[in-house]
Protein chains: 4
Amino acid sequence: MNIHSGMTELSRATTEEGRSLKRDAILEAALELFSERGFHGTAVPLIAEKAGIGAGTVYRYFESKEAIVNALYQHHKQDLADRMIRGIRAEQSPREQFHHYWAILLAFVRENPKAFEFLELHHHSPYLDDASRALEQRIFEMARSRFEEFRRQRVVKDVQPEILMSIAHGAFVGLVKACGQERLVLSEKAMADAEQCVWEAIRG
Amino acid sequence: MNIHSGMTELSRATTEEGRSLKRDAILEAALELFSERGFHGTAVPLIAEKAGIGAGTVYRYFESKEAIVNALYQHHKQDLADRMIRGIRAEQSPREQFHHYWAILLAFVRENPKAFEFLELHHHSPYLDDASRALEQRIFEMARSRFEEFRRQRVVKDVQPEILMSIAHGAFVGLVKACGQERLVLSEKAMADAEQCVWEAIRG
Amino acid sequence: MNIHSGMTELSRATTEEGRSLKRDAILEAALELFSERGFHGTAVPLIAEKAGIGAGTVYRYFESKEAIVNALYQHHKQDLADRMIRGIRAEQSPREQFHHYWAILLAFVRENPKAFEFLELHHHSPYLDDASRALEQRIFEMARSRFEEFRRQRVVKDVQPEILMSIAHGAFVGLVKACGQERLVLSEKAMADAEQCVWEAIRG
Amino acid sequence: MNIHSGMTELSRATTEEGRSLKRDAILEAALELFSERGFHGTAVPLIAEKAGIGAGTVYRYFESKEAIVNALYQHHKQDLADRMIRGIRAEQSPREQFHHYWAILLAFVRENPKAFEFLELHHHSPYLDDASRALEQRIFEMARSRFEEFRRQRVVKDVQPEILMSIAHGAFVGLVKACGQERLVLSEKAMADAEQCVWEAIRG
DNA sequence: CATGAATGAGTTTTCATTCAT
DNA sequence: AATGAATGAAAACTCATTCAT
């Protein structure tokens, strides 16, 4: 019903690139449903209804249900990557850079919790296409090269960067999930504490 | 990947408790399919085929598809909890206890990677029944009381225990996922490194 | 037998109340099949085929197979009751009123033999819902109060009205069944004879 | 559970003809289930369970589910016919003969209400075989010839005998159904009243 | 003989997709 | 462009019947 409430972000990106409001409404609706009920648990007519359009209209904007999930994955994954890259300052200390990483993730989750949940849930799903997989790989490589640089600089522990990345990202996901299960509130204090903990896990 | 590693455990439970071989074959097949394709993405006839039985036979052992997912959840969740509790020694130092925790999780994942993936994927799914939810809650409370005790003893950091738990568990899950995506091998060295990292995240 | 005789009525209701032609085609087909083969003996795709539509389409008009049987029951039961009530004249003699009753039933059977068979067959079936049962009860009470009045007026025999009602209605049903088995033709003469017989059964 | 309660009648016929106790248990169970839930609404394994035997055992005694329904139909239809014929006395007045007819039907219903319900429900079902239909036809012809004789003797009204038969039998069925719906109790008084009513419907 | 586990064809129902309007 | 009714393939589930024990 309140189609416009969560739409702001997508709508902006949309008009720039000439995408339609309806396409966004579909993505918005699908995001919520996919993150709550999963891909196979979500019927296309339900997406259409939530988007406030006819079921057939969905297929004017997307070739198939899989195309929707891939568009969502790529949109939000890219958005998150862009935010990460945008704020980086070479002059920052490693601890400051880690704080930046943590703060960006947290801001993303707060603005768009469904999108974060969606990205985690659909990681490496069989219905993700090559473009989604390639994007995921590109972003991973970017992050790894940064961690390798940190390792060379003795800023982080001298262990495989994949281990440190998995710990840091996994820990963040763990915190978000705990929040989703209402076992935790992602307050400023809590996230600052958590940030420091995770920093101590990886710092050299 | 390793079908047989995960089979041993179920097979044992079977002969001990008089459960049928066919019931186990169904659980075995369903575990693999559910963890790969999700609940809604797995058709019952597919489970039957993988189990080497007729589609109708599934319903001689389980009331519904939901009953299968709940039987799996409860079986493996309980198994993991039992392993955790069994090996605990009061005389161990906190660091030793953390090592125990880490080692048990690692052993579980190695023996039964599909089961671990399954438990993570189906956490808080809407098709889990009250028994599954109650079991999950009981295990969570047990873990929290231990972390609260550690906090009182100044063994871990003086932050909400839920934060430390989420970090430790989330980090472990992150490592397992990285392994699932073949970005990491859960070698002895890697997991020993990771264990130390995570310990440093939570220690007081 | 006479498919068109029974169709008129539904078709009329349809255009009046804006119901769809397809919905009526489903009801038409279901009526015939249910009255011939029973509820459990009739598969939904068979209804769809007879209605000239796809199997899935049935579920755009009815929630379930049970919803179809209840829609049919309520529609035809109400129709029969309406006809009964409509033609009643207070100034008529009891014998004339009995003739009215008999004539209405006969006209109903002739126009819509399947519907009459259906109503008799599905009387008090476990799949009838509360609305169907309530309607049935209301109509029964109406008829009983009339018989009670007749009894007070010494127009009918001084026996329980339920007995007289059961005899009169049962006799009529018996005649219709004999016709269905082709042992009898419901000719004017035959039904006039029968009417007089039944009147003599109940008259005071 | 109380398999033996209603069995007496069938059991007697059984031992005489070398039929087994198990066969009777199947018929007993099937009678109850068919009359309550209909043919298609009754699962064979349910019959077996109610009969206290294994599902496969049913097929040692009956070729198919249809064979059970036909055995039941023929058994009870023949039983009812036998009772009718047995008690007839040529020296009785027509009114006495009608009383005999009424009393036999009533005794049958009281002893074996399920069987009566079953016979009415399965009248002219598509799954009745030729033997069942032939038996039904034979009994009908017998009854008709008697009514024709009565007509010639001016004992009953000078109308088609099929009409009088339908009225008399239909009225009886109507009374039994009213009893089944708990709208009537088949007390001595009620049935004596009803008998007289129906007699007045047909008497010359 | 008796069984009951096993099954595959059949049931009711859902849904991704199409297409006439 | 937009629709939403229509659909058939496929889903979950049932059951008459068979057959190894």
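Here we summarise the structure given alongside this text. (Residues numbered from 1 in each chain as written. Chains lettered and ligands numbered in written order. Predicted model: local features only at pLDDT ≥ 70, side-chain atom pairs only at ≥ 80, totals over all residues. Heavy atoms only, no water.)

1. Regarding the interface of chain C and chain D
The figure often quoted for interface size is the accessible area lost as the parts come together. This is how it is decided: Residues are treated as being in contact if the distance between any of their heavy atoms lies within 4.5 Å. Buried area: the sum, over both parts, of the accessible surface (1.4 Å probe) that disappears when the two are put together. Every case where a carboxyl oxygen of Asp or Glu lies within 4 Å of a side-chain nitrogen of Lys or Arg is listed as a salt bridge. Any N or O atom pair separated by 3.5 Å or less is treated as a polar contact, with the protein-specific requirement of one donor-capable and one acceptor-capable atom, and with residues adjacent in sequence counted only for side-chain atom pairs.
Contact with chain C, which involves 35 residues of that partner, is made by 35 residues of chain D. Of the roughly 2,800 Å² buried between chain C and chain D, counting both surfaces, carbon and sulfur atoms make up 64%. Counting the surface chain C buries against chain D, the share from its top three residues, Ile163(C), Arg183(C) and Cys197(C), is 21%. In this structure, Glu200(D) engages Lys157(C) in a salt bridge whose closest nitrogen and oxygen atoms are separated by 2.9 Å. In this assembly, chain C and chain D are joined by 10 residue pairs in polar contact (both at pLDDT 80 or more).

2. Some details on unusual backbone geometry
Apart from glycine, the bulk of residues carry a negative phi angle, and the bulk of peptide bonds sit in the trans form. Just so we agree on the cut-off: In this text, helices come from DSSP runs of H or I with a minimum length of four residues, and strands from runs of E with a minimum of two, each type numbered from the N-terminal end.
Although it is not a glycine, Glu182(A) sits at a positive phi angle of roughly 60 degrees. Along the polypeptide, Glu182(A) turns up in the loop between helix H9 (161-180) and helix H10 (188-202). A positive phi is found at His124(D), a non-glycine position, where the angle reads about 60 degrees. Tracing the chain through its elements places His124(D) in the loop between helix H7 (113-122) and helix H8 (130-152).

3. With respect to the interface of chain A and chain B
Keep this limit in mind: Just so you know the grouping, Ala, Val, Leu, Ile, Met, Phe, Trp, Tyr, Cys and Pro go in nonpolar, Asp, Glu, Lys and Arg go in charged, and all remaining residues, Gly too, go in polar.
Contact residues are listed per partner, giving 35 residues for chain A and 35 residues for chain B. Summed over both partners, the interface of chain A with chain B buries about 2,800 Å², with 63% contributed by carbon and sulfur atoms. Linking chain A to chain B there are six salt bridges. With a shortest N-O distance of 3.8 Å, Lys177(A) and Glu120(B) are connected by a salt bridge. Between chain A and chain B we count 10 residue pairs in polar contact (both at pLDDT 80 or more) in total. Those elements giving two or more residues to the side of chain A that touches chain B turn out to be helix H7 (113-122), helix H8 (130-152), H9 and H10 of chain A. For the side of chain A that touches chain B, the per-class residue count stands at 16 nonpolar, 10 polar and nine charged.

4. Comments concerning the protein's contact with DNA strand E
The condition that has to hold: To be near a molecule or strand, a residue needs just one of its heavy atoms within 4 Å of it.
For DNA strand E, the set of nearby residues contains 31 residues, the closest of which are Val44(A), Thr57(B), Arg60(B), Tyr61(B) and Lys65(C). Sugar plus phosphate: this is where 64% of the atoms of DNA strand E within 4 Å of the protein reside. Lys22(B) places a polar side-chain atom, nitrogen or oxygen, 2.7 Å from a phosphate oxygen of DNA strand E. In this structure, Lys65(C) approaches DNA strand E through a side-chain N or O atom, which is 2.4 Å from a phosphate oxygen. Within the residue set of the surface near DNA strand E, elements represented by two or more residues are helix H3 (44-51) of chain A, helix H4 (58-61) of chain B, helix H3 (44-51) of chain C together with helix H4 (58-61) of chain D. By residue class, the composition of the surface near DNA strand E is 13 nonpolar, 12 polar and six charged.

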